[in-house]
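If you want the building blocks of each chain, they are given just below.
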Amino acid sequence: MAARKAHTKTAKASTVLPPKPSPNLSRLRGVDTWKEAADWLRARGIEDIECITPDLAGVPRGKMMPTSKFTSNTSLALPSAIFRHTISGEYPDETEEFRYDSRDSDIKLVPDLSTLSVVPWETDPTAQVICDIVDTEGKAVRYTPRNVLKHVLDLYKERGWKPVVAPEIEFYLVAKNDDPDYPLRPPQGRSGRSIQGGQGYSIAGINEFDELIDDIYHFSAAQGLEIDTLIHEEGPAQLEINLRHGDPIELADQVFLFKRTIREAALGHGIYATFMAKPMQGQAGSAMHIHQSVVDAKSGKNIFSNPDGSASKEFFHFIGGMQQYVPKTLVMMAPYVNSYRRLTPGMAAPVNNAWGNDNRTTAFRVPVSDAAARRVENRLPSSDANPYLALAASLAAGYLGIVKGLEPTPPSDGTANEGSVELPRGLLEGVSLLETEPALREVFGDEFIGMYAGVKRGEFETFMQVISPWEREYLLLNV
């Protein structure tokens, strides 16, 4: 009898199924909870994790640690000063609006678990996660790039709207260059010859770098990043990657990670990938075009189109806002001295403030589409821009246009680049326009604008310390 009872208990125990693993464990990118994060990391044998966040330049900053420490509720802190240094690593002098924290207090990294992914080029099993920045009280630090974009999206949310974006990022492949005094040159492709210009949309131009492009695709797939298309652009070994449309934060995260991915893939083949706006004299610059639309948050319908398919008043007001405010935020889309070398007449980049239907000579192009996909392409940002700040600036301009009811100029039907330049021609002019526009201060806040302007002025002063070849060529013996 006792044996039968024991047998009965055993039989019941054998029918209990083990808990099902979370479906999130199979995701290539992102989990929902810390428990899932621990399981996800354990399932992949991850040893180290990189906790990263973009600084003002879009450079990854953060900390690396063993996985066991990451999952043990460790507090991650950084000094606030990392958001106040220039691209050359210098710290500008204080001004009335540009100030350092007198204590250089900590700010904290808060991992966004939806961004968790592997780092496929590392030899040891490594993962990465993008972090938001909060202060010691847990409040969002408004001047950090990811939070700047989040705040702009909150403004849309308050109106019941949701922006949708699709970035296109151009970049050059260049031969390794360990001496900055020498100009950059195109790398050799599989043919053994240096790539020349005039290869726009050339499949043969892409095939010159088949193995590198395969690595880009493989690295991207391992991180859960989706490439829509890849093409060869006009410049020698200049490529463009187009991303699928989606949420602005997710797409900014993807650009942030794509830049890192492409650089690493190129280094693995003994060449550089550069996102400089104008890396080679006499060649086309590299842009980060941004396609933008806005949908109703509840219905998902594009507010740029009326029910009958015609363009809505919000569509035209959005364009009016772009025309009014993009020139004043251009320094967030063209953030370096080099950026303005791209925005010059005759170099396939818009130098105007016009808009037009399927007109690539305008700053703001409306592609041919059906009513559901009606959108505005901002062709001004350069690929050197921090994607979070470029998206924030572009969407803020459109938002202000809608809420203020701004009317655009008539669309441009012809070549819009034949008149005078209608944009800031240099970094300091761009900084001044950002600083002096009250509407932008309301959106971005005084602290961000003061800090960003201070860093940009510091970078300009560093640039002015360098004597260029042009000066030696034309001034040395002539003045």
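Right above here is the structure, for reference.
Rules of the game
- Counting of residues starts from 1 at the beginning of each chain's written sequence and follows it residue by residue.
- For a predicted model such as this one, the threshold for reporting local features is a pLDDT of at least 70, and the threshold for listing and counting side-chain atom pairs is 80 or more; totals across whole chains, interfaces and linings nevertheless cover every residue.
- With hydrogens and water stripped out, all remaining heavy atoms of the structure feed into the side-chain values.
- The helix count covers DSSP runs of H or I at least four residues long, the strand count covers runs of E at least two residues long, and both are numbered beginning at the N terminus.
- Computation of the radius of gyration draws on C-alpha atoms alone. For the globule rule, the value is 2.2 Å times the number of residues to the power 0.38.
- Exposed residues in this analysis have more than 50% of their type's maximum accessible area, buried residues have under 20%, and partly exposed residues fall in between, with area computed by a 1.4 Å probe over protein chains only.
- Residue contacts follow a heavy-atom distance rule, with two residues in contact if any of their heavy atoms lie within 4.5 Å.
- In this description, accessible areas are obtained by the Shrake-Rupley approach with a 1.4 Å probe, and a residue is regarded as covered only by the protein chains that are shown.
- Aromatic rings from Phe, Tyr and Trp, taking only the six-membered ring of Trp, are treated as a pair when their centres fall within 6.5 Å; an angle between ring planes under 30 degrees marks them as stacked, one over 60 as edge-to-face, and anything in between as tilted.
- When the NZ atom of lysine or the CZ atom of arginine is within 6 Å of a ring's centre and also within 35 degrees of its normal, the charge is said to sit over that ring.
- Expected helix span is given by 1.5 Å per residue-to-residue step, counting one fewer step than there are residues.
- The angle between axes fitted to the seven-residue stretch ending at a residue and the seven-residue stretch beginning at it gives the bend at that residue.
- Each axis is a line fitted through C-alpha atoms, taken for helices only over the stretch in contact, and angles between the N-to-C directions span 0 to 180 degrees.
- Oblique is the label for any angle not covered by the other classes, which are roughly parallel (under 35 degrees), roughly antiparallel (over 145) and roughly perpendicular (65 to 115).
- The handedness criterion is simple: a crossing whose near helix is rotated anticlockwise from the far helix by less than a right angle is left-handed, and one whose near helix is rotated clockwise is right-handed.
- Just so you know the grouping, Ala, Val, Leu, Ile, Met, Phe, Trp, Tyr, Cys and Pro go in nonpolar, Asp, Glu, Lys and Arg go in charged, and all remaining residues, Gly too, go in polar.
- The working definition used for a salt bridge is a side-chain nitrogen of Lys or Arg within 4 Å of a carboxyl oxygen of Asp or Glu.

*Asks:* For this particular structure, what's the right way to read the overall build of the protein chain?
*Replies:* Across its full length, the protein chain holds 14 helices and 14 strands. The C-alpha atoms of the protein chain give a radius of gyration of 25 Å, which matches the 23 Å a tight globule of 479 residues would have. The principal-axis extent of the C-alpha atoms belonging to the protein chain is close to 110 × 55 × 55 Å. When the 479 residues of the protein chain are sorted by exposure, 54% land in the buried category. Of all intrachain contacts in the protein chain linking residues separated by at least 6 positions in sequence, the fraction that spans at least 24 positions is 71%. Looking at the protein chain as shown, the accessible area adds up to about 22800 Å², and 51% of this sits on carbon and sulfur atoms.

*Asks:* Sorry, what's going on with the packing of aromatic side chains here?
*Replies:* Ring pairs (aromatic) are described by centroid distance and by the angle formed between their planes. Per the stated rule, a full pass over the model turns up 18 aromatic pairs. Judged by centre distance (5.7 Å) and plane angle (65°), the ring pair of W121 and F219 falls under edge-to-face. Here W121 is found in the loop between β5 (117–118) and β6 (126–134), whereas its partner F219 is found in helix α6 (residues 210–222), with 98 residues between them in sequence. Its relative accessible area of 16% is what places W121 among the buried residues. Ring geometry for Y156 against Y399: centres 5.4 Å apart, planes inclined by 55°, an arrangement best described as tilted. Residue Y156 is located in helix α4 (residues 145–158), and its partner Y399 is located in helix α10 (residues 387–404); the two are separated by 243 residues in the primary sequence. The burial state of Y156 is the same as that of Y399; both residues are buried. An aromatic cluster is defined as three or more aromatic residues linked by ring pairs; in this entry it consists of F304, F315, F316, F318 and W355. Above the plane of the ring of Y143 lies R84, whose end atom (NZ or CZ) is 5.0 Å from the centre. Against the face of F315 rests R374, its NZ or CZ located 5.8 Å from the ring centre.

*Asks:* What's the story with unusual backbone geometry in this structure? I'm lost.
*Replies:* Only a minority of non-glycine residues have a phi that is not negative, and only a minority of peptide bonds are not trans. For A237, which is not glycine, the phi dihedral falls at a positive 55°. Relative to the helices and strands, A237 resides in the loop between β8 (227–232) and β9 (238–243). Notably, D358 is not glycine yet its phi reads approximately 50°, a positive angle. Mapping D358 onto the fold places it in the loop between β12 (355–357) and β13 (364–366). A residue is classified by how much of its surface remains accessible, and D358, at 40% relative accessible area, is partly exposed.

*Asks:* Which parts of the structure should I look at to understand helix α8 (residues 313–333)?
*Replies:* Note that an α-helix has 3.6 residues per turn; residues three or four places apart therefore point the same way. With 21 residues, α8 should reach 30 Å at 1.5 Å per residue; the first-to-last C-alpha distance of 26 Å falls well below that figure. Along α8, the largest kink reaches about 60° and is centred on V326; proline P327 follows within four residues of it. For α8, the tally of buried residues reaches 18 of 21 residues, placing the bulk of the element in the interior.

*Asks:* Even after reading the chapter, I still don't get the packing of α4 against helix α7 (residues 248–267), so can you show me in this structure?
*Replies:* Angle between the axes and distance between the axes: these two values describe a pair of packed helices. Axis separation between α4 and α7 bottoms out at 10 Å; the angle between their running directions is 155°. It follows from the interaxial angle that α4 and α7 lie roughly antiparallel. The chirality of how α4 crosses α7 is right-handed. On the side of α4, the interface is formed by R146, L149, K150 and L153, while α7 contributes P248, I249, A252 and D253.

*Asks:* Explain the packing of α8 against helix α11 (residues 427–435) here, please?
*Replies:* Where α8 meets α11, the axes come as close as 7 Å, and the angle between the chain directions of the two elements is 120°. Considering the angle they form, α8 stands oblique to α11. Once α8 is placed against α11, the crossing between them reads as left-handed. The residues of α11 that touch α8, namely those facing P327, K328, T329, V331 and M332, are L427, G430, V431, L433 and L434. A class-by-class count of the residues in the contact of α8 with α11 yields 7 nonpolar, 2 polar and 1 charged.

*Asks:* What is the right way to read the pattern of salt bridges from this model?
*Replies:* Opposite charge on two side chains allows them to pair when their charged atoms are near. Summed over the entire model, instances satisfying the criterion amount to 23 salt bridges. Across the pair D112 and R146 runs a salt bridge, and its minimum N-O distance is 2.9 Å. Of the two residues, D112 sits in the loop between β4 (106–111) and β5 while R146 sits in helix α4, which places them 34 residues apart along the sequence. The two residues D112 and R146 agree in class, both being buried.

Keep in mind that these numbers describe shape and distance, not what the molecule does.
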